[in-house]
Amino acid sequence: MLALSRLVVIGNLQRLTTRCASSVVPEIKIEDFHVKNEPVYEYLPGSKERKELQEALKETASECEEVPIIIGGQEYRTKDVRYQVMPHDHQKKIAKFYYADSELVKKAIETAVEAQRHWDNVPLKDRVAIWRKAADMMATKYRQKLNAATMLGQAKTVIQAEIDSAAELIDFIRFNALYAKEVSKYQPLSPEAKVSLNSHRYRGLDGFVASVSPFNFTAIGGNLAYTPALMGCATLWKPSDTALLSNYTIFKIMTEAGVPPGVVNFVPADGPVFGDTITCSPRLAGINFTGSVPTFNRLWTQVGKNINLYKNYPRLIGECGGKNYHFVHPKADVETVVNGTIKSAFEFCGQKCSACSRMYVPESLWPKIKEGLLETRKKLKLGDVQEFDTFMSAVIDDKAFKRISSYIDHAKSNSNLKVIGGGKYDDKKGYFIEPTIIESKDPLDKTMTEEIFGPVLSVYQYPDNKVEDTLNLIDCSTPYALTGAIFSEDDTFNAYALCRLKMTAGNFYINDKSTGSVVAQQPFGGSRMSGTNDKAGGPHYILRWASPQSIKETFVPLKDWSYKYMTKK
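Remember, predicted model here, so these are calculated numbers, not experimental data.

(A) Representation of the overall build of the protein chain within the structure. For the protein chain, the count of helices and strands is 16 helices and 25 strands. Viewed in the frame of its principal axes, the protein chain has a C-alpha envelope of about 85 × 70 × 50 Å. Per-residue burial for the protein chain yields a buried fraction of 56% across its 569 residues. As displayed, the protein chain offers around 25,100 Å² of accessible surface, 52% of which is attributable to carbon and sulfur atoms. Both charge centroids of the protein chain, one from 72 positive and one from 65 negative side chains, sit 6 Å from each other.

Here you go:
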């Protein structure tokens, strides 16, 4: 036996050890367990969860938490001090944090590379146990702390936070642990088991993974940083400045559950500084990214330029947003169209990668759909997330406010466009933009083709006899292919559209809104410029963070070098 590394970890697991045999590959045994999607609480008046959340909101809002850079369990602070504010009340600070410079990022790289060697030798069953413990803690002890940090820091309403920072995050942690257990069951064929034994195991990626997470989903931050870690990798987690507090809460929970120091390093930093430093390291093993197309393209370009530098070919996983569509067939249920579109376009201010941003409606149904959209839009309360009747709150920051409002200004000044609902915005107290509906005569106007990432819906009327031309517009007018939905009660058309629009969306919906994917139910991701379509929330995703190894062990001595066909008789 060759004894390998021994690693001290925190939490209930006092010491995790493993051995790698020179003659026998140990069988991985993980107890069978089953997972269901975490229930979404309703927060009705007088309910226990509502009272607990209100207390957590009050506590979180009353202080500005200091968040250090954390590398290998050690805290670091720099002179570059930043603050996370409430988007709906931007004078109120909820977190004070620090930007790491390039030297600290390099230190985090060295720490992660060293930690990975040890962490990869921790048995998978022990890693799974940590993840299951963390999920249980998120579902109970820390549920409302996660929700409060997400509501106040990212301006999510109670139900949007509950879906994200509670249910989806817990689902990611639990289901990924389940998937890790299931994939470990695979072993290759051994036709002559008495002569030789074939086996298979998963290793972590040799080096470090850089996880760059967005503001809009707390759960994505946890998934990007910790799913590679589950499979034996070590990561540098660069959280979004505008999701800092909720992401730090995840980091603390996972640490308390037993993830050792150095396996995940919490490294807020300036984007270009972080990107330039990680892509210049020979030990870069992968980038796990959710964000904009230009940023992902920049990282990919840098990796390409440095390809001869790396010890391994880095794996690049990216989810980059979309220009998601709702297509309405002449035979569609108007009420379903209206309610589905309102929710998809305006929940969380349209700041979802999957939000409906462009809509194609037949002329015959537009009067009824228009009336329904405008009447429903009037009922949407725009306000403080702590007021439980709020439907949507502020957009995330001043940059988003300026970008989104510029599209509204464009619509107001363009003769082919008409703002038929909303259109007002104000950033005096919070970054508030009304849910806005634009009617477009030009299906190729930038409001119909560019990602706005805000509460702006552009609608194009098409002649009822131009269905095929409109499907072609959906396919060809934008570079994205993330989510899309068709609304039709014609089953023949639905079957045709499912085939015709096959490449337009990684997540496709029939008579449902383009948002709302659930872990293990609709694994998420798109192609084209929407990303690498690795399907977060499904079993394929975890395999992107594992390096398989095939092993053959022979028990019979090799006595001859020749083959039978070489004999003369």
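Next comes the rest of the account.
(B) Just the sheet that holds strand 20 (residues 456-462), in detail. The seven strands lie next to each other as 16-19-20-15-14-22-23, forming an open sheet whose pairing is mixed. What marks the edges here is a single partner per strand, and that holds for strand 16 (417-421) and strand 23 (507-510). Strand-to-strand twist across the sheet, computed as the mean angle between neighbouring axes with direction ignored, equals 20°. Here four bridges tie strand 14 (residues 324-328) to strand 15 (residues 356-362), and the two strands are oriented parallel to one another. Residue Asn324 lies in a different strand from strand 15, and its bridge partner there is Cys356.

(C) Molecular detail of the domain arrangement of the protein chain. Parsing the protein chain into structural domains produces domain 1 (48-321 + 531-551) and domain 2 (325-510). The gap between the C-alpha centroids of domain 1 and domain 2 is 31 Å. The partner domain 2 presents 29 residues to the 26 residues of domain 1 that form the contact. Here domain 1 meets domain 2 over a buried area of about 2,400 Å², counting both sides, of which 66% is carbon and sulfur. For the domain 1 face of the interface with domain 2, the top three residues by lost area are His88, His90 and Gly321, together amounting to 24%. Along the contact surface separating domain 1 from domain 2 lie zero salt bridges. Run the count over domain 1 and domain 2 and you get eight residue pairs in polar contact (both at pLDDT 80 or more). Class assignment of the residues belonging to the side of domain 1 that touches domain 2 gives a composition of 11 nonpolar, 10 polar and five charged.

(D) Local environment of unusual backbone geometry. Within the chain, Ala520 stands out as a residue other than glycine whose phi angle is a positive 75°. Among the structural elements, Ala520 can be located in the loop between strand 23 and strand 24 (527-528).

(E) Highlighting the sheet that holds strand 7 (residues 89-98). Across the sheet, three strands lie side by side as 3-7-6; this open sheet has mixed pairing. Two strands close off the open sheet at either side, each with one partner strand: strand 3 (65-67) and strand 6 (81-86). Strand after strand, the sheet turns through a mean of 40° between neighbouring axes, direction not considered. By the bridge criterion, three bridges tie strand 3 to strand 7 in an arrangement that is parallel. Paired with Val67 across the two strands is Phe97, which belongs to strand 7.

(F) Quick peek at the nonpolar core. Trp131, Met138, Tyr226 and Met254 are the most contacted members of the largest nonpolar core, which totals 77 residues. It is helix 5 (residues 158-183) that contributes the most residues to this core, 12 residues altogether. Ignoring any residue separated from it by four or fewer positions in sequence, one finds Met138 in contact with Arg143, Leu146, Leu169, Ile170, Ile173, Ile250, Ile253 and Met254. Leu373, Met392, Val395 and Tyr407 belong to the second largest nonpolar core, which has 48 residues in total.

(G) Representation of the UniProt feature "domain: Aldehyde dehydrogenase" (unreviewed entry) in the protein chain. The feature "domain: Aldehyde dehydrogenase" (unreviewed entry), as given by UniProt, occupies residues 83-548 in the numbering adopted here. Annotated as 41% helix and 20% strand, the span residues 83-548 places its first and last C-alpha atoms 42 Å apart.

(H) Layout of empty space enclosed by the protein. Across all of its chains, the model carries two cavities of 30 Å³ or more by this definition. Gly322, Gly350, Ala355, Ser357 and Phe453 are the residues nearest the centre of the largest cavity, which is lined by 15 residues in total. The wall of the second largest cavity is formed by Glu59, Thr60, Glu63, Glu65, Ile94, Lys145, Ala149, Leu245 and Thr249. Sorting the residues of the lining of the second largest cavity by element identifies helix 1 (48-61), helix 4 (143-154) and helix 7 (244-257) as the ones contributing at least two each. Classifying every residue of the lining of the second largest cavity gives three nonpolar, two polar and four charged.

(I) Spatial organisation of the packing of helix 3 (residues 124-139) against helix 7. Between helix 3 and helix 7, the least distance of the axes is 8 Å, while the angle of their chain directions is 130°. Comparing the axis directions of helix 3 and helix 7 gives the class oblique. Note that helix 3 runs across helix 7; the crossing there is right-handed. From helix 3, Ile130, Trp131, Lys133, Ala134, Met137 and Met138 reach across to helix 7, where they touch Ile250, Ile253, Met254, Glu256 and Ala257. Looking at the contact of helix 3 with helix 7 residue by residue, the classes come out as nine nonpolar, no polar and two charged.

(J) Main features of a nonpolar patch on the surface. Together, Val195, Leu197, Phe555 and Val556 make up an exposed nonpolar region whose accessible area comes to about 310 Å². Mapped onto the elements, Val195 comes out in the loop between helix 5 and strand 8 (196-203).

(K) Geometry of the environment of Ala219. Tracing the sequence through the fold places Ala219 in helix 6 (residues 218-230). Between the C-alpha atom of Ala219 and that of Ser514, which follows or precedes it by 295 residues, the distance is 19 Å. Leave out the neighbours within four places in its chain, and Ala219 touches Asp164, Glu168, Leu169 and Phe172.

(L) Structural view of the pattern of salt bridges. Under the definition given, this model contains 31 salt bridges. Close ionic contact of Glu52 with Lys48 constitutes a salt bridge, the shortest N to O distance being 4.0 Å. Highlighted residues: Glu52 and Lys48, both in helix 1, separated by four residues, approximately one helical turn. A salt bridge links Lys125 to Asp126, with the nearest nitrogen and oxygen atoms 3.5 Å apart. Through salt bridges with shared partners, one network takes in Glu38, Asp136, Arg143, Glu162 and Arg174.

Reading guide: rules and limits
Residues numbered from 1 in each chain as written. Predicted model: local features only at pLDDT ≥ 70, side-chain atom pairs only at ≥ 80, totals over all residues. Heavy atoms only, no water. Helix = DSSP H or I, 4+ residues; strand = E, 2+ residues; numbered from the N terminus. Buried < 20%, exposed > 50% of the residue type's maximum accessible area, 1.4 Å probe, protein only. Areas by Shrake-Rupley, 256 points an atom, 1.4 Å probe, with all protein chains shown as cover. Lys, Arg positive; Asp, Glu negative; His and termini not counted. Charge placed at Lys NZ, Arg CZ, Asp CG, Glu CD. Pairing = 2+ DSSP bridges. Axes fitted to C-alpha atoms, helices over the stretch in contact; angles between N-to-C directions. Domains from an automatic or database assignment. Contact = heavy atoms within 4.5 Å. Buried area = accessible area lost by both parts, 1.4 Å probe. Salt bridge = Lys/Arg side-chain N within 4 Å of Asp/Glu carboxyl O. Polar contact = N/O pair within 3.5 Å; in protein donor to acceptor, adjacent residues only side chain to side chain. Nonpolar A, V, L, I, M, F, W, Y, C, P; charged D, E, K, R; others polar. Core = buried A, V, L, I, M, F, W, Y, C linked by side-chain atoms within 4.5 Å. UniProt positions renumbered as here; feature names shortened; annotations may be inferred. 1 Å grid on protein atoms, 1.4 Å probe; cavity = no way out; pocket = protein on both sides within 12 Å on 5 of 7 lines; lining within 4 Å. Points joined across faces, edges and corners; volume = space filled by probe spheres on them. Parallel < 35°, antiparallel > 145°, perpendicular 65-115°, else oblique. Left-handed = near helix turned anticlockwise from the far one by under 90°. Patch = residues over 30% accessible without salt bridge, like charges linked within 9 Å, V, L, I, M, F, W, Y side chains within 5 Å.

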